[in-house]
Amino acid sequence: MEVSGVLDPSPTPTPAPATEPYRWRWLILAVMIIAEIMDLLDASIVNVAGPDLEKALGAGSVGLQWVIGGYALTLGAGLVLGGRLGDRYGRRRMFLIGLAAFTAASLLCAVAPDIESLIAFRLLQGTAGAMLLPQGLGLLRENFSGPELTKVFAIFGPVLGLGGIVGPVLGGFLIEGDFFGLGWRSVFLINLPIGLAALVVAAKFVPRKAGDRTVRVDMTGAALVVVSCALLVLPLNQGQENGWPLWTWLSMAASVIGFALFALQQRRTAAAGREPLVTPGLLRKPAFTVGLGGIALFFGGLIGTQLVLTLFLQIGRHFTAGEAGLGNLPLAVGTAIGGAVSGAFLADKIGRKVLQIGPLVQLAGAAVLWFELDGLDAASFSVWDIVPGVAVAGVGAGMVIAALFSFVLAAVDDDEIGSASGVLSAVQAVGGSIGVAVFGSVFFARAETGDFTGGFHRALVVQACLLVVFLAITFLLPEKGRPEEIPEEDPEEDPEGERHGSIPEAAAVSSPG
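All of these numbers come straight from a predicted model, not from anything done at the bench. (Residues numbered from 1 in each chain as written. Predicted model: local features only at pLDDT ≥ 70, side-chain atom pairs only at ≥ 80, totals over all residues. Heavy atoms only, no water.)

**Let's talk about the overall build of the chain**
Phase 1 of the analysis: When its secondary structure is counted, the chain shows 22 helices and 0 strands.
Phase 2 of the analysis: Here the chain holds 513 residues, and 56% of them are scored as buried.
Phase 3 of the analysis: Residue pairs in contact within the chain that sit at least 24 positions apart in sequence constitute 83% of those at least 6 positions apart.
Phase 4 of the analysis: Of the roughly 20600 Å² of accessible surface on the chain, 66% is carried by carbon and sulfur atoms. (Helix = DSSP H or I, 4+ residues; strand = E, 2+ residues; numbered from the N terminus. Buried < 20%, exposed > 50% of the residue type's maximum accessible area, 1.4 Å probe, protein only. Contact = heavy atoms within 4.5 Å. Areas by Shrake-Rupley, 256 points an atom, 1.4 Å probe, with all protein chains shown as cover.)

**Re the pattern of salt bridges**
Phase 1 of the analysis: Enumeration over the complete set of coordinates arrives at 5 salt bridges.
Phase 2 of the analysis: E275 is the salt-bridge partner of R84, the closest N and O atoms lying 3.3 Å from each other. One end of the pair, R84, is in helix α4 (residues 61–89); the other, E275, is in the loop between α13 (246–271) and α14 (280–283), with 191 residues separating them in the sequence.
Phase 3 of the analysis: Residue classification places E275 among the partly exposed residues on the basis of a relative accessible area of 31%.
Phase 4 of the analysis: Close ionic contact of R446 with D451 constitutes a salt bridge, the shortest N to O distance being 2.3 Å.
Phase 5 of the analysis: With relative accessibility at 25%, the residue R446 sits in the partly exposed group. (Salt bridge = Lys/Arg side-chain N within 4 Å of Asp/Glu carboxyl O.)

**Things to note about the nonpolar core**
Phase 1 of the analysis: Core analysis: the biggest nonpolar cluster contains 126 residues, and L53, F95, L118, F288, F312 and I386 have the highest contact counts within it.
Phase 2 of the analysis: Element by element, the count of residues in this core is highest for α4, at 13 residues.
Phase 3 of the analysis: The residues touching F95, leaving out its near neighbours within four places in the chain, are V31, M32, A35, E36, L132, Q135, L139 and A202. (Core = buried A, V, L, I, M, F, W, Y, C linked by side-chain atoms within 4.5 Å.)

**Section: empty space enclosed by the protein**
Phase 1 of the analysis: This model, assessed by the stated rule, comprises 3 cavities of 30 Å³ or more.
Phase 2 of the analysis: Counted as a void, the second largest cavity has a volume near 150 Å³.
Phase 3 of the analysis: Surrounding the second largest cavity, 13 residues form its lining, T305, L331, L369, A393 and Q463 being those nearest its centre.
Phase 4 of the analysis: Where the lining of the second largest cavity is concerned, the elements lending two or more residues are α15 (286–316), α18 (353–374), α19 (387–409) and α21 (452–474).
Phase 5 of the analysis: For the lining of the second largest cavity, the element with the most residues is α15, which contributes 4 residues. (1 Å grid on protein atoms, 1.4 Å probe; cavity = no way out; pocket = protein on both sides within 12 Å on 5 of 7 lines; lining within 4 Å. Points joined across faces, edges and corners; volume = space filled by probe spheres on them.)

**Quick word on unusual backbone geometry**
Phase 1 of the analysis: Non-glycine residue D178 carries a positive phi angle of around 45°.
Phase 2 of the analysis: By secondary structure assignment, the location of D178 is in the loop between α9 (167–177) and α10 (186–189).
Phase 3 of the analysis: For W244, which is not glycine, the phi torsion reads 50° and is therefore positive.
Phase 4 of the analysis: When you line up the elements, W244 lands in the loop between α12 (219–242) and α13.

**Observations concerning the environment of D114**
Phase 1 of the analysis: Take D114: it is sitting in the loop between α5 (91–110) and α6 (115–132).
Phase 2 of the analysis: For D114, a relative accessible area of 29% gives the class partly exposed.
Phase 3 of the analysis: Along the sequence, D114 and A56 sit 58 residues apart, while their C-alpha atoms lie 8.2 Å from each other.
Phase 4 of the analysis: Side-chain polar atoms of D114 contact the backbone nitrogen of E116, separated by 3.3 Å.
Phase 5 of the analysis: Of note is the side chain of D114, whose polar atom sits 2.7 Å from the backbone nitrogen of S117. (Polar contact = N/O pair within 3.5 Å; in protein donor to acceptor, adjacent residues only side chain to side chain.)

**Notes on the layout of surface pockets**
Phase 1 of the analysis: Its boundaries defined by the atoms lining it, the second largest pocket holds a volume of some 870 Å³.
Phase 2 of the analysis: Lining of the second largest pocket is provided by 33 residues; of these, F259, L292, A296, V427 and V430 occupy positions nearest its centre.
Phase 3 of the analysis: Only α4, α12, α13, α15, α20 (417–447) and α21 provide two or more residues apiece to the lining of the second largest pocket.
Phase 4 of the analysis: Class assignment of the residues belonging to the lining of the second largest pocket gives a composition of 26 nonpolar, 7 polar and no charged. (Nonpolar A, V, L, I, M, F, W, Y, C, P; charged D, E, K, R; others polar.)

**Observations regarding the packing of helix α2 (residues 25–41) against helix α11 (residues 191–205)**
Phase 1 of the analysis: At their nearest, the axes of α2 and α11 sit 10 Å apart, and the two run at 150° to each other. Here α2 runs over α11; the crossing is left-handed. Between α2 and α11, the contacting residues are L27, I28, V31, I34 and M38 on the first element and N191, I194, G195, A198, V201, A202 and F205 on the second.
Phase 2 of the analysis: Each residue belonging to the contact of α2 with α11 can be placed in one class, and the counts come to 10 nonpolar, 2 polar and no charged. (Axes fitted to C-alpha atoms, helices over the stretch in contact; angles between N-to-C directions. Left-handed = near helix turned anticlockwise from the far one by under 90°.)

**Points about the side chain of N47**
Phase 1 of the analysis: As for its placement among the helices and strands, N47 is situated in the loop between α2 and α3 (50–57).
Phase 2 of the analysis: Not counting chain neighbours up to four residues away, the residues in contact with N47 comprise I68, P168, Q306, L307, T310 and Q314.

**Re the confidence of the model for the chain**
Phase 1 of the analysis: Of the residues in the chain, 85% reach a pLDDT of 70 or more, and the chain-wide mean stands at 81.
Phase 2 of the analysis: The spread of mean pLDDT over the elements of the chain runs between helix α1 (residues 3–7), the lowest at 37, and α21, the highest at 94.
Phase 3 of the analysis: For the stretch residues 1–11, pLDDT sits under 50, and the model shows 18 contacts to residues farther than four places along the chain or on other chains. (pLDDT = per-residue confidence, 0-100.)

**What about α12?**
Phase 1 of the analysis: Across its 24 residues, α12 extends 33 Å between first and last C-alpha, which sits within 8% of the 34 Å expected from 1.5 Å per residue.
Phase 2 of the analysis: Of all the bends found along α12, the most pronounced is centred on L236 and spans about 25°.
Phase 3 of the analysis: Along α12, the residues classified as buried are G221, A222, V225, S228, C229, L232, V233, P235, L236, N237, Q238 and G239.
Phase 4 of the analysis: The N-terminus of α12 is capped by D218, whose side-chain oxygen sits 3.4 Å from the backbone nitrogen of T220.
Phase 5 of the analysis: Looking one or two residues beyond α12, the residue adopting positive phi is G243, at roughly 80°. (Expected span 1.5 Å × (residues − 1). Bend = angle between axes of the 7 residues up to and from the residue.)

**A short note on the packing of α4 against α6**
Phase 1 of the analysis: Running from N to C, α4 and α6 point in directions that differ by 25°, and their axes come no closer than 6 Å. Accordingly, the angle class assigned to the pair α4 and α6 is roughly parallel. α6 is crossed by α4, and the crossing has right-handed handedness. Counting all contacts with α4, which are made through G63, W66, V67, I68, G70, Y71, T74, L75, G78, L79, G82 and L85, the residues of α6 involved are I115, L118, I119, R122, L123, Q125, G126, T127, G129, A130 and M131.
Phase 2 of the analysis: Among the residues making up the contact of α4 with α6, the classes are represented as 13 nonpolar, 9 polar and 1 charged. (Parallel < 35°, antiparallel > 145°, perpendicular 65-115°, else oblique.)

The following block contains the structure:
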């Protein structure tokens, strides 16, 4: 049965003829932004909930890492599958199903009676998000065209880029406010009114367009991705607490084998004339495959250090959730400034160098933060003591976020854009999950002895190593992420002109924070 028939028994509007733009198209953009920001916010909004979860549910360090990283894990593992399901069953239908499931999972998280239940519901919430998130790009392309589409992506991309960064700020506000005595549960309940409103509006105004039932969904490939991701993240989360037994190393080795089997299975699926989850041609493009590694490194370090900052403020300096949320504000502001500078002035003018300046600025911020931590007086500590280092690091991160996906997608052909965007978003999410596990383990290894500053110092060392490797990788990316536009009066001079025009569009929507 059509999902919209359950949500809205009235006839669903259909798009106007191609010559007349759909009347409610800008409302569609608003719904996409609201729903997908809700999805992205939940990746980091619970960062500040650690002490409250410990008091209410007895959550330890490993439990907290699973609550945060488990969501990103299932989100990332399911993104490519979610995109394929949208191709087959229709993006509107999958958007509504994903949004309804995400809202329901948020309610389950809010009423979780123990930490084990909360982790299970977070995994379910990430799975629902994986069904929801990939549909936005396709829905916008279906309802906008020409210059309007460029404007849409100019709005859509940057807004999503800050979605995950501001999560701790909003989470801190909700927990600190303790509205109706809900405490940490409010960070999940906030999704209910927003999700229900977006669901009603989407069911009413997003026009129906049938999917392509000839598209085959590669469930074997999807299963390999999920299992391989789990084999990697499970030991990273559990290893520190268990003393890194043999099974943790065997599990990580098995995950590498699993990803290799996935790549082989995708090639064989395509060779047999069936639809793979990932277009095999992508894996034969050095710039794309190298870029995937860069994305995993960068977002693993960014999300991991954001978590450590929050843990340091709450556990090490006994900040409230609200104060810890505000402690993340310099990072969010710095990221916004760096993104604006990169997008408006640098990326088009200096090309790949913006991806090399960004990590250098981040390293400078990490160095400043290191010395700020060294000079801290625990008795008189204020968040202002570390604002300069955090803000500078944020500026560097924003410079990279604004440009990274464009450079990686520069190597992608037009018919590969959809698959490439899904893969990049998935790698970003899984990289974030790994970052939570690695940085959480590094921090808690010292924090358990009471050396919170030492834990933060170790995290900064790990981040510096990741940034150095990322910097080296950037030299293998294209010189220009956005090839020169082809004059409209002679589009046949370069047969790749159409592809060049599509890259910035896909990149804008594929760069959530």
